[in-house]
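Here is how the chains run, residue by residue.
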Amino acid sequence: MVKIPAYYMDLTGQKYGRLTVIEKAIPHITPKGRKIYMWKCICDCGNETVVSTSGLRGKQVQSCGCLQRERVHEAIFDDISGKRFGRLVAVSPMKKGKIFYWKCKCDCGNTAEVLPQHLKRGLIKSCGCLRTDVSAQKNKKHGMSKTRIYKEWKGIKERCFNKNSNAFKNYGERGITVCTEWLGENGFENFYKWAFSNGYSDGLTIERKNVNGNYCPENCCWIPLPQQALNTRSNVILEYNGESKPLAQWAKEYGINYAVFHARVRRYGWSIERALHEPVRPY
């Protein structure tokens with residue numbers, strides 16, 4: 001559908017709400033030089049007004065202002081005493097300057113002064129306690145957002161689902177995900193119960209037993225952070241004397257510099273026994 005530019009439109013004779021378009025008016029020029037096309041209109045009440053094309057076609061303006069005044073007048077002078085609006089019950093009308101309010105009694109015991117149109121349109125439903133209660137309810141869910149275990153739970157979701165995370169390429173991009181039990185509305189509570197049933201403490205970090213597996217109770221455990229570094233895809237597992245350990249762990253146990261040991265095994269192709277036991281020549 002081709003959009004017709006405003007300067008080609010002819011709205012003469014068309015009716016928008018209480019307004020009937022009479023003729024095109026002088027365009028309004030904004031401070032930035034933008035031209036806004038205006039229309040002279042007559043209202044059903046007999047008054048004339050000038051409205052922009054977007055104001056008419058977007059139904060933002062439907063009268064010369066009389067419609068809004070009638071709504072406000074009706075809201076002010078309509079007797080709503082004793083009527084309930086959410087947690088508020090209208091008690092009596094009152095005036096401050098030129099503005100009318102309704103004094104209301106809230107279920108919590110406080111009083112509030114509210115514009116009548118706000119009551120009728122449902123914009124205000126309490127003295128303010130409703131918003132506080134909703135906010136408290138949200139924060140009351142577990143109250144552990146600043147704890148380390150919550151950060152661990154949040155971290156595994158970030159790695160698996162947040163494409164902006166630096167770790168996403170090593171987790172989510174590889175298809176690693178989080179089980180449904182640890183997601184959703186009760187995801188953290190379920191994760192919390194599993195963690196403390198399986199030896200969690202603040203000095204430990206979550207580890208997947210199978211580095212290619214998902215985050216789920218069957219594939220996860222708690223280990224010290226230094227130990228986690230040994231269980232990565234980049235680690236080289238070596239077998240010596242019937243035991244299989246990462247290259248870094250062999251180097252640590254035999255007191256040999258890791259870089260030297262790594263070069264001997266990976267670059268020069270030495271046997272593990274020779275690489276571990278042959279003295280390192282001084283530079």
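Because the structure is a prediction, the values reported are computed rather than measured.

Some points on the pattern of salt bridges
Going through the model one piece at a time under the given rule, you end up with six salt bridges. The salt bridge partner of Asp44 is Lys15, with a shortest N-O separation of 2.8 Å. Separated by 29 residues along the polypeptide, Asp44 in the loop between strand 5 (38-43) and strand 6 (48-52) and Lys15 in strand 1 (residues 15-16) bring together distant segments of the chain. A residue is classified by how much of its surface remains accessible, and Lys15, at 47% relative accessible area, is partly exposed. The salt bridge involving Glu113 is made with Lys96; its shortest N-O contact spans 2.6 Å. Here Lys96 lies in strand 8 (residues 88-96) and Glu113 lies in strand 10 (residues 111-114), a separation of 17 residues in the sequence. Among the residues examined, Lys96 registers a relative accessible area of 43% and is labelled partly exposed.

Some remarks on the sheet that holds strand 6
Sheets are built from strands that pair by backbone hydrogen bonding, the pairs being arranged parallel or antiparallel. The sheet built from four strands is open, its strands ordered 1-2-5-6 with antiparallel pairing. The sheet terminates laterally at strand 1 and strand 6, the two strands that pair on one side only. As judged from the five bridges shared by strand 5 and strand 6, these two strands associate in the antiparallel manner. Bridge pairing in strand 6 links Ile42 to Glu48.

Digging into the sheet that holds strand 8
Strand order in the open sheet formed by four strands is 7-8-9-10, with antiparallel pairing between adjacent strands. Either end of the sheet is taken by a strand with one partner, and the two such strands are strand 7 (84-85) and strand 10.

A closer look at the environment of Arg87
You can see Arg87 is positioned in the loop between strand 7 and strand 8. On a C-alpha basis, the gap between Arg87 and Ser126 in space is 5.1 Å, while along the polypeptide they are 39 residues apart.

Re the pairing of strand 10
Residues Ala112 and Val114 point to one face of strand 10 and are all buried, whereas Thr111 and Glu113, pointing to the other face, are not buried. Pairing of strand 9 (residues 99-106) with strand 10, which is carried by four bridges, proceeds in the antiparallel orientation. Bridge pairing in strand 10 links Cys104 to Ala112.

Looking at the packing of aromatic side chains
One pair of aromatic rings is described through two measures. These are the centre distance and the angle between the planes. Here the structure, examined in full by the defined rule, presents 13 aromatic pairs. Judged by centre distance (5.0 Å) and plane angle (85°), the ring pair of Trp182 and Phe191 falls under edge-to-face. Under the relative-accessibility criterion, Trp182 is labelled buried at 0%. Between Phe188 and Tyr192, the ring centres sit 6.1 Å apart and the planes meet at 50°, which makes this aromatic pair tilted. With Phe188 and Tyr192 both in helix 6 (residues 187-197) and four residues apart, this pair spans about one turn of that helix. Judged by its relative accessible area of 3%, Phe188 falls in the buried class. By way of ring pairs, the aromatic residues Tyr150, Trp153, Trp182, Phe188, Phe191, Tyr192, Trp194, Phe196, Tyr200 and Trp222 are connected into one cluster. One cation-aromatic arrangement involves Arg208 over Tyr215; the distance from NZ or CZ to the ring centre is 5.2 Å. The positively charged end of Arg274 is found above the aromatic ring belonging to Trp270, 3.6 Å away from the centroid.

Parameters at a glance
Residues numbered from 1 in each chain as written. Predicted model: local features only at pLDDT ≥ 70, side-chain atom pairs only at ≥ 80, totals over all residues. Heavy atoms only, no water. Salt bridge = Lys/Arg side-chain N within 4 Å of Asp/Glu carboxyl O. Helix = DSSP H or I, 4+ residues; strand = E, 2+ residues; numbered from the N terminus. Buried < 20%, exposed > 50% of the residue type's maximum accessible area, 1.4 Å probe, protein only. Pairing = 2+ DSSP bridges. Phe/Tyr/Trp six-rings, centres within 6.5 Å; stacked < 30°, edge-to-face > 60°. Lys NZ or Arg CZ within 6 Å of the ring centre and 35° of its normal.

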